[in-house]
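# Structural description and commentary
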Amino acid sequence: MNGTAAATGGSASCRFAHYFVVCGVDTETGLEPDDGAGESFEQSPIRRSFKSKVLVHYPENTDRIPFNKDAVNMLCLPRGLSFRTQADSLDPQFHSFTIASDDGTRSYGFVHTFYEEVTSPQIITAMQTLYQMHHVEHHSSSSASSPSSSTCSSASTPSTSSMDSLASSLEESDAESLTSGVSGCLGCVGSFDAARDTLYVSKALCLFTPLPFLQASRQFLAQLHQAVTSQTAPPLPLESYVYNILYEVPLPPPGRSLRFHGVQGPIVCQRPGPGELPLGDYPLGEAFSLLGVNNMVKLLTCALLETQVLLYSK
């Protein structure tokens, strides 16, 4: 199942891909707030970001490009873990990035992010607890600001700076209002009830390649994801396809095309020859749809005039 004209094995510099990486939630460490996301604790926990981890990566290291776990994790899930329920959009997303080493060597990362149902009881319980604490906090704050709050104790208004102090300050009256308040907010934006909602969390599949083979990498990762979620098992174990693209699919020679087998169908890519323009596998249609025609004309004009360009995005 290796690519055409492929030689099994060989050095990493001659292979189509350097690394295959999976990033997501670590059920052993649980939920850790992502301080780098710059989000407020006033947001519902279902709308906050949490720290992601590199769950697996193959191979452990290559001879030319060492694996930087922290950098890869940040680039694969730049906003950390995102949680959703069945009421939210669960469409997969795709993005790419570039890592440049000190010697000028570049490695291109392509990421397919999807939402996977959370099956860990610990994670579900943690999210339920965080949402209950969040709801009680806002319920107490709103009660304290209303005229009828004069009968409430000042100790019943917890601080957002400490989740532990919030948990310890819950009284029986808070617990009773918690149950009725949470059930009354079912279906609200950012609400979560483990008894009625299905919890999903983001997960990223990433492929590192020495050249920007965007379309081929995108197709491979999408097919791999489809095979994971499909009720029909693929002809071979999924590990076989990952091994194939890492060790058996070669880097196409300059000016040649490469056709190799994905999980659900063939994938074709082409490498420009020495006298051709560099590989430009990124669709211009997406750039025009995101920036608009006028901004794209300005951007190309600035590039041709060698003017410095800064693009800012969320």
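Look up: the structure comes first, before these words.
For the structure given in this document, a descriptive report is provided here. Only a predicted model underlies this, so the values are computations on that prediction, with no experimental measurement involved.

## Regarding the overall build of the protein chain
Each helix and strand in the protein chain was counted, giving eight helices and nine strands. Taking all 314 residues of the protein chain together, the buried fraction comes to 38%. Within the protein chain, counting contacts between residues at least 6 apart in sequence, those at least 24 apart form 71% of the total. For the protein chain, the exposed surface amounts to about 17900 Å²; the carbon and sulfur share of it is 53%.

## Brief notes about the side chain of H57
Within the secondary structure, H57 sits in strand β3 (residues 53-58). A polar contact of 3.3 Å, which involves the side chain of H57, links it to the backbone oxygen of E60. Setting aside residues no more than four positions away along its own chain, H57 makes contact with F20, V21, F67 and K69.

## Observations concerning the packing of aromatic side chains
Applying the stated criterion to the full structure yields eight aromatic pairs. Taken together, Y19, F67, F97 and F208 form an aromatic cluster joined through their ring pairs.

## Describing the nonpolar core
Judged by nonpolar contacts, the single largest core of 28 residues is most densely connected at V21, L31, C76, F83 and M127. Listing elements by their share of this core, those giving two or more residues are β1 (19-24), α1 (69-76), β4 (81-85), α2 (121-145) and β7 (199-209). Setting aside chain neighbours within four positions, we find V21 in contact with V54, V56, H57, F67, V72, A204, L205, C206 and F208. Counting residues in each nonpolar core, the second largest holds 27 residues, with F16, A17, V22 and L205 among its members.

## Structural notes on the pattern of salt bridges
Within the structure shown, the criterion is met by four salt bridges. For K53, the salt bridge is made with E32, and the minimal N-O distance between the two is 3.4 Å. Of this pair, K53 sits in strand β3 while E32 sits in the loop between β1 and β2 (49-50), and the two are 21 residues apart along the sequence.

Rules used in this analysis
Residues numbered from 1 in each chain as written. Predicted model: local features only at pLDDT ≥ 70, side-chain atom pairs only at ≥ 80, totals over all residues. Heavy atoms only, no water. Helix = DSSP H or I, 4+ residues; strand = E, 2+ residues; numbered from the N terminus. Buried < 20%, exposed > 50% of the residue type's maximum accessible area, 1.4 Å probe, protein only. Contact = heavy atoms within 4.5 Å. Areas by Shrake-Rupley, 256 points an atom, 1.4 Å probe, with all protein chains shown as cover. Polar contact = N/O pair within 3.5 Å; in protein donor to acceptor, adjacent residues only side chain to side chain. Phe/Tyr/Trp six-rings, centres within 6.5 Å; stacked < 30°, edge-to-face > 60°. Core = buried A, V, L, I, M, F, W, Y, C linked by side-chain atoms within 4.5 Å. Salt bridge = Lys/Arg side-chain N within 4 Å of Asp/Glu carboxyl O.

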